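Fold and geometry: a report
The lines below spell out each chain.
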Amino acid sequence: MSGPFLGIARALARLLDVRPGEGTAAAGAFVALLLIISGHTILETARDALLLAKLPPASLAGVYLAIAALTVPAVAVSTRVVARLGARRALVGTLIAAGGGSAALFLLPTSTVSVIALYIASGLIGAVLVPQFWALAGRMFTVSQGRRLLGPVASAGVLGGLVGSATAAAALSVVPVRSLVALAGLVFVGAGGVVAAMREEGAVAEPTHGPARSPLQAFRDEPFLARIAILVCLSTAALLVVDYLFKWTVAHAVAPENLGRFFARYYTVLNGLALLAQLFVGGAIVRRLGVSAAIAVTPGLILLGGIGTLVAGGALAAVLLVKGVDGSLRHSIHRITTELVYLPVPHAARERAKPFIDGTLGRGAQALTAGALLALAQAQLLSAWLLAAIAVGLAGAWFVTAATVRSSYLALFRRTLSAGALDPGGPDDIDVTSAEVLVERMASRDPSQVIAAMQILARRGRDRLISALVLYHGDEAVLAEALAIFDQSGRSNWIPLAEPLLAHPADPVRIAAVEALGNHGRVDLLERLVDDPSPRVRGYVIAHLALRDERAELLDDPRVVAALDAVGDGADACRLGMLSAIADAPPTARLRGVLVAFARDAKLMGAPEYDEPLALAAARHRDVLMIPLLVDRLPHGRGREAIREALLSLGDPAFRVVWETLRDSQRGRQLRIHLPRALARFGTQVAADHLLDLLEDERDGLVRYKAIRALGQLVAANRNVRVDRRRVERLAYRNLVEHFRVLGLAVPLRSVPARMRPADPRRAGATGRLLAGLLEDKLRQSLERTFRLLKIAHQREDFHGVHAATLSSDRRARANASEFIDTLLRRRDQQPLRELLRIVTDDLDGEERVRRAAAELARPSPHGHAEAVLALIDDPDLTVAAIANAHAVALGDDAFRQAVSEARRARPALKERAARLFEIPTPTPEPANAGG
């Protein structure tokens, strides 16, 4: 935007937290609101003075009722106009219409009818103009932008009230009250010109959620709207009673001829105080307390003021004070929080429901309140004391509703941020229709569908629905799964179809058939497989037949001994088959000697394919002597899950060995990184406590990361496990501090000064890119760890969704994530963490993020590329330091050479790591002034 708004935009950018691209939009909104409220304040001054001079105070209720009745159709028309023309064009049209209407009212002679018409017109103008403006602002700003910008923009409303009342007071010294109506019309037309000149470059594209068919449909789609509606209705009723109490008291205390000057002067003082409150208190309260808490400030103060008025018996001073609270906060804290609380609501629901809530429901509440006041006035029951009592009751209900809005507000963000995962759980049984679908799936050509259908039926106890004809299937995996299921069933109709599978060409199918048929007494069929051409099948059959002879030890069977002592081709496969049979066998002490023999066979145990059957065998036979061996085999990938399950089944002895090994920093990293998940598998409070202790003390970053993931899985799977929130949040804070430390190094490293001339440009470019990439990885990892820890501390919250929204390019998604965090972390001990998370989720460049987080860093961030390289040479991460050393050597500067030499002398491991990563010559710094 060019022209008159540029100066204001620059001023806002300097004095306020206005980001690039936001200044012109904020300045245009500021000026527009200032003129709108100025014009309306001038009009209010005229209407109040003219009405109270012509009519008794009791007639105010009737006028309020008329305004409420006419506002409903007016708001309905306004909503249709906004939908058809857009928020900006509709606001321009309404402002021009307000200017023309004010001019027409000015031309009418002063009478009771014209004064009432003026009062009603003023109420309608305020009821339509202000919501239209804030609808436009809601399109222009996200929640996070709103927290920063709506405060300054809303201060224009307070300033507009001050300007309008001061203008009215000054004008009344030279013109009659009626002239204020024409002046207000001119201001409205000027505001229309400002809005017409505004561009919506700040507008943020709204996500598409599908149009809401009606306001009621919007309420069904978004339950939080009901809470907003209650707040709007209670606040409208409470503020109307306060306004009525104020005018009732003033009409009885001030002479009619002095009303114009009284209102002009009082509103001037009031708006001056409101401006001070807005500039120095309002924004700070919203930033400090958050929207969900700040929304209770206005009703709380009005409640206290109303109680004071009751105690004072409706004295003028007390009434002026409570009206002062209303006037100073209505266009600042109250307006800001009311508009901000709408912003996270999905666009379609908000666009349909907001006019209905602010218009129809708000004016309906106004009508009911005005009707009740009118009835009391007609019955001659009204008094200052009774009005104060009604105000206290309404303000109390408003305060309670606002004070309890936080849970609903958080629920809104949960729905907004989460994708809404389906509940994977379900009843143990399945209905007939589902069973029919699963049976049909077993006729599929896709093996995965057949296996999935069989598994579901078996888990639900419906394995009899699995036809034995499935054993005619051509897929090996289907046959093996079917045989395993039939083996565990009490059926026998599958046995004739399984017998031919003993000659199946695939070893896994023959082994599955051996196990199933052997367990069902068909030993006669197995004898013919003792000489099977497959060593693995042969070993499985030998062990299976030996186990059926309960009279002798397994090692007394000559075929078993021969298989254990065999060498040459097929011997290892034969022993693997034997181990698989032992793993499938019922628990018996007769097998312990065989397991020990397997464990002592170093060659056999070196093969990863033995891990899974060994773990299954140790678990099945509860052999605690196998625990150290199982722990040492965790780095092998193939049987890792089976080993963890085996350790879990072995109970406390395994738990102690896993924890002691994990705490031993002398054990290899490749082993230790797999132990946190093994520990978490136990799912106990003790396991959670140990993992939290590890997170606080462990120095190896990769082990800490694995511990974070393991602890997250543990608390997610075991709802009865509790973690110390404060300890976990301190760890999250520590990760954020590390994030900003790395960011402070990465930002200056991104720009290489043009004057820098590397000694080895090619190597300098390669190492620079490698170093920058490593720092970017560390930035991502530190954020991931932070949000994983927050998920652990707040198990019910979807911090994975918050993390995804934080990284999103969608400004509204990031703004919603920011507001959710800000609302959730409200305790005093959470403030430092919340402040850093605000910086993470805000729309800022890297340099600005570092500047804002500087207070939390142990040392200042480097300035410039050279300082960053020098700092990275001594980085605590040995790999980062080694790459930085290589980069410094390639740059070739004397200061860099000296720093590299000193770093390598101080940390001998640094030189070894650098040599392993690069072929780097040791730099030899030139002697300083050798000849001097």
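Scroll up a little and you will see the structure.
Residues numbered from 1 in each chain as written. Predicted model: local features only at pLDDT ≥ 70, side-chain atom pairs only at ≥ 80, totals over all residues. Heavy atoms only, no water.

1. Points about the side chain of serine 782
As a reminder, the rule being used: Under the scheme used here, helices are H or I runs from DSSP no shorter than 4 residues and strands are E runs no shorter than 2 residues, and both carry numbers assigned from the N terminus. Exposed residues in this analysis have more than 50% of their type's maximum accessible area, buried residues have under 20%, and partly exposed residues fall in between, with area computed by a 1.4 Å probe over protein chains only. Residue contacts are counted whenever heavy atoms from the two residues lie within 4.5 Å of one another.
Following the sequence through the fold, serine 782 ends up in helix 37 (residues 761-793). We classify serine 782 as buried; its relative accessible area is 6%. Non-local contacts of serine 782, meaning those with residues more than four positions away in its chain, are made with Asn735 and His739.

2. Quick look at the packing of aromatic side chains
The line we're drawing: Two rings from Phe, Tyr or Trp (for Trp, the six-membered ring) form a pair when their centres are within 6.5 Å of each other. A pair whose planes differ by under 30 degrees is stacked, one over 60 is edge-to-face, and the rest are tilted.
Applying the stated criterion across every chain yields a total of five aromatic pairs. Each ring, one from phenylalanine 486 and one from tryptophan 494, has its centre 5.8 Å from the other, and the planes form 15°; the classification is stacked. The buried category is assigned to phenylalanine 486, whose relative accessible area is 1%. Geometrically, the ring pair formed by phenylalanine 655 and phenylalanine 682 is edge-to-face, given 5.1 Å between the ring centres and 85° between the ring planes. Placement of phenylalanine 655 in helix 31 (residues 652-663) and of phenylalanine 682 in the loop between helix 33 (675-680) and helix 34 (685-697) is noted, with a sequence separation of 27 residues between them. What makes phenylalanine 682 buried here is its relative accessible area of 14%. Clustering of aromatic rings is evident, with ring pairs tying together Phe787, Phe799 and Phe820.

3. Considerations on the layout of surface pockets
Worth spelling out the cut-off: Note on definitions: the grid is 1 Å and covers protein atoms alone; a cavity is a set of points where a 1.4 Å probe fits but cannot get out; a pocket is an open set with protein on both sides within 12 Å along at least five of seven lines; lining residues have an atom within 4 Å of a point. Grid points are joined across faces, edges and corners, and a volume is the space filled by probe spheres set on the points. Lys, Arg, Asp and Glu make up the charged group, whereas Ala, Val, Leu, Ile, Met, Phe, Trp, Tyr, Cys and Pro make up the nonpolar group; the residues left over, Gly among them, are polar.
In this structure, the largest pocket spans a volume of roughly 1200 Å³. What lines the largest pocket is a set of 31 residues, among which Arg699, Asp700, Gly701, Arg704 and Asp877 lie closest to the centre. Where the lining of the largest pocket is concerned, the elements lending two or more residues are helix 34, helix 35 (701-717), helix 36 (725-749), helix 37 and helix 43 (878-891). Here the lining of the largest pocket gets seven residues from one element, more than from any other, and that element is helix 37. When grouped by side-chain class, the residues that make up the lining of the largest pocket number ten nonpolar, five polar and 16 charged.

4. Remarks on the packing of helix 19 (residues 476-488) against helix 21 (residues 507-519)
Inclusion rule: Only C-alpha atoms enter the line fits that serve as axes; for helices the fit covers just the stretch in contact. Angles between N-to-C directions range over 0 to 180 degrees. Orientation categories follow fixed angle ranges, with anything under 35 degrees roughly parallel, anything over 145 roughly antiparallel, 65 to 115 roughly perpendicular, and all other angles oblique. Whether a crossing is left-handed or right-handed is set by the direction in which the near helix is turned from the far one by less than a right angle, anticlockwise for left-handed and clockwise for right-handed.
Contact geometry for helix 19 and helix 21: axes closest at 9 Å, N-to-C directions at 15°. Relative to helix 21, the element helix 19 lies roughly parallel. Judged by the sense of rotation from one axis to the other, the crossing of helix 19 with helix 21 is left-handed. Across the interface between the two elements, Glu476, Leu479, Ala480, Leu483 and Asp487 from helix 19 touch Val509, Ala512, Ala513, Glu515, Ala516 and Asn519 from helix 21. By residue class, the composition of the contact of helix 19 with helix 21 is seven nonpolar, one polar and three charged.

5. Digging into helix 12 (residues 297-311)
Note on helix geometry: an α-helix contains 3.6 residues per turn, so any two residues three or four positions apart are oriented the same way. Selection criterion: Given a helix with a known number of residues, its expected span is that number minus one, times 1.5 Å.
Across its 15 residues, helix 12 extends 21 Å between first and last C-alpha, which sits within 8% of the 21 Å expected from 1.5 Å per residue. Among all positions of helix 12, only Val297, Thr298, Pro299, Gly300, Ile302, Leu303, Gly305, Gly306 and Thr309 are buried. Positive backbone phi, approximately 70°, marks glycine 313, located one or two places after helix 12.

6. Concerning the side chain of arginine 785
What counts, and what does not: When charges are counted, Lys and Arg contribute as positive and Asp and Glu as negative, whereas His and the chain ends are disregarded. We define a salt bridge as a side-chain nitrogen of Lys or Arg found within 4 Å of a carboxyl oxygen belonging to Asp or Glu.
For arginine 785, the position within the fold is in helix 37. Buried within the structure, arginine 785 lacks any salt-bridge partner; glutamate 784 is the closest side chain of opposite charge, at an N-O distance of 6.8 Å. Beyond its immediate chain neighbours, meaning those up to four positions away, arginine 785 contacts Gly701, Leu702, Arg704, Tyr705, Ile708 and Asn735.

7. Digging into the nonpolar core
Test applied: The set of buried Ala, Val, Leu, Ile, Met, Phe, Trp, Tyr and Cys residues whose side-chain atoms join them within 4.5 Å is what this entry labels a nonpolar core.
Judged by nonpolar contacts, the single largest core of 169 residues is most densely connected at Leu225, Ile228, Ile357, Leu630, Leu647 and Leu711. The leading source of residues in this core is helix 9 (residues 224-253), at 17 residues. For leucine 647, the contacting residues outside a window of four places in its chain are Ile627, Leu630, Val631, Leu634, Ala654, Val658 and Phe682. Counting residues in hydrophobic clusters, the runner-up holds 52 residues, among them Leu33, Val153, Val181 and Met198.

8. Quick notes on the packing of helix 12 against helix 15 (residues 384-403)
Here helix 12 crosses helix 15 at 155°, and the two axes come no closer than 8 Å. The angle between the axes of helix 12 and helix 15 places the two elements in the roughly antiparallel class. Between helix 12 and helix 15 lies a crossing whose hand is left-handed. Contacts from Thr298, Pro299, Gly300, Ile302, Leu303, Gly306, Ile307, Thr309 and Leu310 in helix 12 reach Trp385, Ala388, Ala389, Val392, Ala395, Gly396, Trp398, Phe399 and Ala402 in helix 15. Classifying every residue of the contact of helix 12 with helix 15 by side-chain character gives 13 nonpolar, five polar and no charged.

9. So, empty space enclosed by the protein
Throughout the structure, instances matching the rule amount to three cavities of 30 Å³ or more. Here the second largest cavity defines a volume of roughly 90 Å³. For the second largest cavity, the full set of lining residues is Leu50, Leu105, Phe106, Leu108, Pro109, Thr110, Ser114, Val115, Leu118, Arg178 and Val181. Put simply, the parts of the chain that give the lining of the second largest cavity at least two residues each are helix 4 (87-107) and helix 5 (112-140). Looking at the lining of the second largest cavity element by element, the count peaks at three residues for helix 5. A class-by-class count of the residues in the lining of the second largest cavity yields eight nonpolar, two polar and one charged.

10. Remarks on the pattern of salt bridges
All chains considered together, the criterion is met by 26 salt bridges. A salt bridge links arginine 672 to glutamate 698; the shortest N-O distance between them is 2.6 Å. Here glutamate 698 lies in the loop between helix 34 and helix 35 and arginine 672 lies in helix 32 (residues 669-672), a separation of 26 residues in the sequence. Of the residues examined, arginine 672 reaches a relative accessible area of 3% and is grouped as buried. Here arginine 788 ties to glutamate 784 by a salt bridge, and the two come within 2.9 Å at their closest N and O atoms. Of this pair, arginine 788 and glutamate 784 both sit in helix 37, four residues apart, roughly one helical turn.

11. Observations regarding unusual backbone geometry
Excluding glycine, a negative phi dihedral is what most residues carry, and trans is how most peptide bonds are arranged. One non-glycine residue, glutamine 380, lies in the positive phi region at around 60°. Exposure remark for glutamine 380: the relative accessible area of 72% places this residue in the exposed category.

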